[in-house]
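Descriptive analysis of the structure
Here's the letter readout for the chains.
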Amino acid sequence: GQQVMQIPQYQHVQEGEDFTTYCNSSTTLSNIQWYKQRPGGHPVFLIQLVKSGEVKKQKRLTFQFGEAKKNSSLHITATQTTDVGTYFCAGPANSGYSTLTFGKGTMLLVSP
Amino acid sequence: DTGVSQNPRHKITKRGQNVTFRCDPISEHNRLYWYRQTLGQGPEFLTYFQNEAQLEKSRLLSDRFSAERPKGSFSTLEIQRTEQGDSAMYLCASSLSGSYNEQFFGPGTRLTVL
């Protein structure tokens, strides 16, 4: 079945440093979504990318969807302690567009 | 509060007991999803409803698991004859219908099977 893989599993940065997490799918995706889960919290939707090569920005966060629609990345510029959490990418499961397959996530720790 | 709510937030049970969890989605959302999440993993899809119809179940879902959404509003997830391997966070999410809609997650029910 479809697999969504994320790297790295974990990253520890100093506040102010940049951070990037990468997401790769075994199949072409119609769209990809990104979620953030704070420690002890639940996943919260960040953004959805649909078009090949699409780039979207949310303040210090930049999301990119690959040309082949099989990979995506999330880049955070000048991390802050509020960025701490696990970032998940998710793509539609093979069975249909309504259900999502999540990656294992990248846990980000930011030291002040 | 108009977000997704789940009850109970925590459940501790002994192996072999049955447990039931409830999810109240955002009122105008007709899609409802159940996921399971264990430490260090992403949410794993269990099942999904559109209104009262259960449209999809994960192949990983044991026959000890059953979910209902009788009136197309709240949903319940029941686990019969719980096993220690069922210990996890059970997350509910809801969304509008249509393609590519973001899912809104509830706070989850943490199940511990002793």
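Our structure's up above, just so we're on the same page.
Model, not experiment: these values are computed from the prediction. (Residues numbered from 1 in each chain as written. Chains lettered and ligands numbered in written order. Predicted model: local features only at pLDDT ≥ 70, side-chain atom pairs only at ≥ 80, totals over all residues. Heavy atoms only, no water.)

**With respect to the overall build of chain A**
- Tallying secondary structure elements over chain A gives zero helices and eleven strands in all.
- Counting from the amino terminus, chain A carries its helices and strands in the arrangement β-β-β-β-β-β-β-β-β-β-β.
- Relative to the compact-globule value of 13 Å for 112 residues, chain A shows a C-alpha radius of gyration of 13 Å, a close match.
- Per-residue burial for chain A yields a buried fraction of 49% across its 112 residues.
- Taking as baseline every contact in chain A between residues at least 6 positions apart, the subset at least 24 positions apart corresponds to 54%.
- A total accessible area of about 5,300 Å² is found for chain A, and carbon and sulfur atoms account for 52% of it.
- Of note, chain A has its 10 positive side-chain charges centred 9 Å away from the centre of its 6 negative side-chain charges. (Helix = DSSP H or I, 4+ residues; strand = E, 2+ residues; numbered from the N terminus. Rg over C-alpha atoms; globule rule 2.2 N^0.38 Å. Buried < 20%, exposed > 50% of the residue type's maximum accessible area, 1.4 Å probe, protein only. Contact = heavy atoms within 4.5 Å. Areas by Shrake-Rupley, 256 points an atom, 1.4 Å probe, with all protein chains shown as cover. Lys, Arg positive; Asp, Glu negative; His and termini not counted. Charge placed at Lys NZ, Arg CZ, Asp CG, Glu CD.)

**Concerning the sheet that holds strand β7 (residues 61-65) of chain A**
All names here are of chain A.
- One open sheet holds the five strands; their spatial order is β1-β3-β8-β7-β6, and the pairing between them is antiparallel. The open sheet has two free edges, formed respectively by β1 (4-7) and β6 (55-58), since each of these has just one partner strand. Strand after strand, the sheet turns through a mean of 15° between neighbouring axes, direction not considered.
- Direction of pairing for strand β3 (residues 19-25) relative to strand β8 (residues 71-76): antiparallel, over a ladder of six bridges. Within β8, the residue paired with N24 across the bridge is N71. (Pairing = 2+ DSSP bridges. Axes fitted to C-alpha atoms, helices over the stretch in contact; angles between N-to-C directions.)

**Here's the deal with the state of the cysteines**
Residues and elements named next belong to chain B.
- Summed over all chains, the structure comprises two disulfides over all chains.
- C23 shares a disulfide with C92; S-S distance 1.8 Å. Residues C23 and C92 are joined by a disulfide whose S-S torsion is about -65°; by sign, that bridge is left-handed. You can see C23 sitting in strand β3 (residues 19-24) and its partner C92 sitting in strand β9 (residues 88-95), a full 69 residues away along the chain.
- What makes C92 buried here is its relative accessible area of 0%. (Disulfide = S-S within 2.5 Å.)

**Regarding the interface of chain B and chain A**
- Contact with chain B, which involves 19 residues of that partner, is made by 19 residues of chain A.
- Both faces considered, chain B and chain A share a buried interface measuring about 1,700 Å² in area, 54% of it formed by carbon and sulfur atoms.
- If you look at where chain B meets chain A, you find zero salt bridges.
- Where chain B touches chain A, the interface holds three residue pairs in polar contact (both at pLDDT 80 or more).
- For the side of chain B that touches chain A, the secondary-structure elements that each account for two or more residues are β4 (31-37) and β5 (44-50) of chain B.
- Broken down by element, the residue count for the side of chain B that touches chain A peaks at four residues, all from β4 of chain B.
- For the side of chain B that touches chain A, the class distribution of residues is nine nonpolar, seven polar and three charged. (Buried area = accessible area lost by both parts, 1.4 Å probe. Salt bridge = Lys/Arg side-chain N within 4 Å of Asp/Glu carboxyl O. Polar contact = N/O pair within 3.5 Å; in protein donor to acceptor, adjacent residues only side chain to side chain. Nonpolar A, V, L, I, M, F, W, Y, C, P; charged D, E, K, R; others polar.)

**Concerning the pairing of β1 of chain A**
Residues and elements named next belong to chain A.
- The two faces of β1 differ: V4 and Q6 on one face are buried, but M5 and I7 on the other face are not.
- As judged from the four bridges shared by β1 and β3, these two strands associate in the antiparallel manner. Bridged to Q6 within β3 is C23.

**Some words on the pairing of β4 of chain B**
Residue and element names in this part refer to chain B.
- Taking burial as the measure, the seven residues of β4 include seven buried ones, the bulk of the element.
- Residues R31, Y33, Y35 and Q37 of β4 are buried on one face, and the alternating residues L32, W34 and R36, pointing to the opposite face, are buried as well.
- Judged from the six bridges that link them, β4 and β5 form a sheet pairing that is antiparallel. Following the sheet pairing, W34 is matched in β5 by T47.

**Some thoughts on the side chain of R31 of chain B**
- For R31 of chain B, the position within the fold is in strand β4.
- Buried R31 of chain B, no salt bridge; nearest opposite-charge side chain is E56 of chain B, N-O distance 9.4 Å.
- Within the structure, the side chain of R31 of chain B is placed 3.5 Å from the side chain of Y48 of chain B, a separation counted as a polar contact.
- Residues in contact with R31 of chain B, not counting those within four places in the same chain, are S98 of chain A together with Y48, F49, Q50, R69, A93, S94, S95, L96, S97 and G98 of chain B.

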